[in-house]
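# Topology and contacts: notes
So the chains spell out like this:
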Amino acid sequence: MIRPVRSGVIVACPQCGATLPNDVITATVPLPCRHCSAEVQVEAFPALVKRWTPSGQPGEPLTNDSQASCFYHPDKLAVVPCSNCGRFLCSLCDIELASERLCPACVEQGRQRGRLDRLVTQRTLHDQVALSLAFIPLLFFWITLVTAPTAIYLAVRNWNSPSSILPRTKVRFVLAILIGALQILGWTAFLAHSLT
Amino acid sequence: MRYTRIPGKKGGLYRRCTLWMGDDHLLAVESTGYTEQYRRLYYKDMQAVIIRETSRKRDLGLLFASFAFLAALPALIHLDPLESPLSLAGILTSAAFLSLLLVNLYKGPTCTCSIQMPVAVHGLPSLRRRKNVELFLSLLKPRVEKLQGKLSRDELRAGLYRLTVSSPQVSPMSPIFGGLEGSQPRVFSSRIHGLAFGFLLLDAALTWLSIHHNNLLLTMLNTLVGMALFALLITGAARQKRSSLPAAVKTLLWSGIMVFLSYNLIYWVFIYAIFILGNQVEVFRDQWSLFSAVAELNPVDHPTLTKVMMGYTITAFIIGLSALLALAMDRWPRKTSGAELTMRTSEGLQ
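Keep in mind it's a predicted model, so treat the numbers as computed, not measured. Sequence order sets the numbering: in each chain, residues are counted from 1 along the sequence as written. As a convention, the first chain written is A and the first ligand written is 1, with the rest following in written order. At least 70 in pLDDT is required for a residue's local features to be given in this predicted model, at least 80 for side-chain atom pairs to be given and counted, and no such filter applies to totals for whole chains, interfaces and linings, which use all residues. Only heavy atoms go into the side-chain values, all of them from the structure, while hydrogens and water stay out.

Moving on: the overall build of chain A. Secondary structure follows DSSP: runs of H or I at least 4 residues long count as helices, runs of E at least 2 residues long count as strands, and numbering of each begins at the N terminus. In terms of helices and strands, chain A carries 6 helices and 8 strands. Out of the 196 residues in chain A, the part that is buried amounts to 40%. Exposure classes here rest on a 1.4 Å probe applied to the protein chains alone. A residue is buried below 20% of its type maximum, exposed above 50%, and partly exposed in between.

Encoded structure:
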């Protein structure tokens, strides 16, 4: 699903990989690739032709002792404080993430703890796990003696855990707790009846 | 961050891909149901959206139409279809496939879509219909233009020319094989597939002959052709992976394998049942006895067996003919004249 862009290739045919000629790239209707005849249409943006390389700022050196210095580079001028920890940062250490300016340590910490949604690449859907654990074992019934309390535990335990970064309600957690509770009630009634 | 869902999703056995539009980036989500994986594509870095038209709509249409016809066969053959449960089931199944066919027609042309970024090209598997791609572009373009600015056709042409001149080692016509969607497609001749489907037609013809004629030679020939067919089908299935063959041909090959295996399973279960229930267990003492007994068996005396053999014959003919037609269409040279190409190019540039 992801292929690197080869050096010197402006736009490549998605089927055969041949370089597309300029008339195919600029056309507003699909045109056939000269090599594999696949009908290809390209919607180009300015970044395709205005290939600027973002210049990294190395950080300006301190010119006098009264200037604030970077926490990580004491010989460089501080330009901005970290939005999270407040440490002074030079332009080299300044990482812009959405509207925040963060230091490398806060970015790494935020990534590891899953607090920066922008850097999250994977999430576990605990609500779906709890609901499946409550619902699917009904097919085998006897296992629900174990899975019902487990489903309730997982739902309660992960109620506030970070879930999908997409909009999602807690309805699956609620259903898991309800179904698990009903199963436990059922087992209680069954065992009480058996004992009497 | 608020996200807007882009219509379209690609679902597999255990994975589902969806696309969401944020304020400054596109979010591609791959979900297994229990986990989600995210990929962010920032508008300010997007270079191009590449759309390739596919024949998936046509292939699916052919598939659904074929299955609708096959399912309706019992009802078409039966004098009073409503009296037969099999015919009724066939009508219902056929109606279901016809519904799928109509939905496929309504959804419109199919395509693949990918986004070129500075260092990689990212496929967007959830965008498989042209309608969804058009909607996606209508939402994406304003956001990209807001960050990157607008680009006129003249500026694009000038920029491309500048880039082409500055990178002379890659001429516009040099072929660099390696598909962007998935692994590099293998380009090989489809002779194995042609042979397999040809043998499928031959096997169907021999099966039909076996219904009306019983002799050892015909049975031997049918068996040999069946063995060769099975070998060709399996070889074709192994070789077609990641090949440039049309999806319809690949699907039909797998259909052929399933039909062949199903028929042989049912056929041999019937044969064993006939001999065991007929107290003819002595035929199982060796292979040659069994072979001779099968050759002498008259399928016409066993209506169910006849129906199974007829069903296989018809199905195999349909699959074989459809596949050979699809192969022929794939190999048919594109008859685009120079004038037509120039005209289309001129229309595209306007």
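There's more to say after this.
A few words now on the overall build of chain B. Scanning chain B from N- to C-terminus turns up 10 helices and 7 strands. Taking all 350 residues of chain B together, the buried fraction comes to 42%.

Let's shift gears to helix α3 (residues 104-113) of chain A. Residues and elements named next belong to chain A. Every buried residue of α3 is listed here: Cys106, Val107 and Gly110. Within α3, the buried residues cover an arc of 100° as seen down the axis, which keeps them to one side. Where α3 is buried, its residues touch β6 (95-97) and β7 (100-102). Note on α3: the residue one or two positions beyond its end, Gly114, has a positive phi of about 70°. Picture the helix axis, draw a direction to every C-beta atom, and the arc is the one those directions span. We call two residues in contact when some of their heavy atoms are within 4.5 Å.

The next point concerns helix α6 (residues 171-195) of chain A. All names here are of chain A. Expected span, for any helix, means 1.5 Å times one less than how many residues it has. With 25 residues, α6 ought to run about 36 Å at 1.5 Å a step, and its terminal C-alpha atoms sit 36 Å apart, in line with that. All buried positions along α6 are accounted for by Phe173, Ala176, Ile179, Gly180, Gln183 and Trp187. If you follow the buried residues of α6, they end up packed against α4 (126-135) and α5 (144-157).

Here the focus is the packing of α4 of chain A against α6 of chain A. Residue and element names in this part refer to chain A. Only the stretch in contact is used when a helix axis is fitted, and all axes are lines through C-alpha atoms; the angle between N-to-C directions ranges over 0 to 180 degrees. Running from N to C, α4 and α6 cross one another at 25°; their axes reach a closest spacing of 8 Å. As the angle between them shows, α4 and α6 are arranged roughly parallel. Relative to α6, α4 is oriented so that their crossing is left-handed. Contacts from His126, Asp127, Gln128, Ala130, Leu131, Ala134 and Phe135 in α4 reach Arg172, Phe173, Leu175, Ala176, Ile179, Gly180 and Gln183 in α6. Polarity classes work like this: nonpolar for Ala, Val, Leu, Ile, Met, Phe, Trp, Tyr, Cys and Pro, charged for Asp, Glu, Lys and Arg, and polar for all others, with Gly in that last group. A per-class count over the contact of α4 with α6 returns 8 nonpolar, 4 polar and 2 charged. Roughly parallel means an angle under 35 degrees; roughly antiparallel, over 145; roughly perpendicular, 65 to 115; everything else is oblique. Working rule for handedness: look at the near helix, and if it is turned counterclockwise from the far one by less than a right angle, call the crossing left-handed; if clockwise, right-handed.

A few words on the confidence of the model for chain B. All names here are of chain B. What pLDDT conveys is the predictor's confidence in a given residue, as a value from 0 to 100. The predicted model of chain B averages 81 in pLDDT, with 84% of residues at 70 or higher. Helix α10 (residues 338-349) is the least confidently modelled element of chain B, averaging 39 in pLDDT, while strand β5 (residues 48-53) averages 93, the highest of any element. Counting contacts from residues 169-186, a segment whose pLDDT is below 50, to residues more than four positions away or on other chains yields 61 contacts. Under the prediction, the complex receives an ipTM of 0.79, its pTM being 0.63.

This part is about the environment of Asp59 of chain B. The residue Asp59 of chain B is located in helix α1 (residues 56-77) in this model. Considered as a pair, Asp59 of chain B and Ala248 of chain B are 189 residues apart in the sequence and their alpha carbons are 5.2 Å apart.

It is worth spelling out the sheet that holds strand β7 (residues 120-123) of chain B at this point. When DSSP locates at least two bridges between a pair of strands, those strands are taken to pair. In spatial order, the strands read β1(A)-β7(B)-β6(B)-β5(B)-β3(A)-β2(A); together these 6 strands make up an open sheet with antiparallel pairing. One side of each edge strand has no neighbouring strand; the edge strands of this open sheet are β1 (2-4) and β2 (31-32) of chain A. The pairing of β2 of chain A with strand β3 (residues 39-44) of chain A spans 2 bridges and is antiparallel. The partner of Leu31 of chain A across the bridge, within β3 of chain A, is Val40 of chain A.

All names here are of chain A. Mapped onto the elements, Phe88 comes out in strand β5 (residues 88-89). Note on Phe88: relative accessible area 43%, which makes it partly exposed. Not counting residues within four places of it along the chain, the set of residues in contact with Phe88 comprises Ala68, Ser69, Cys70, Phe71, Ala78, Val80 and Pro81.

A few words on the sheet that holds strand β8 (residues 122-124) of chain A. Taken together, the 5 strands give an open sheet; going across it, the order is β8(A)-β4(B)-β3(B)-β2(B)-β1(B), and neighbouring strands pair in antiparallel fashion. Each edge of the open sheet is held by one strand with a lone partner, namely β8 of chain A together with β1 (4-11) of chain B. Each neighbouring strand pair of the sheet contributes to a mean axis angle of 20°, computed without reference to strand direction. Bridge count between β1 of chain B and strand β2 (residues 16-21) of chain B: 5 bridges; the pairing is antiparallel. Across the sheet, residue Thr4 of chain B finds its bridge partner in β2 of chain B, namely Met21 of chain B.

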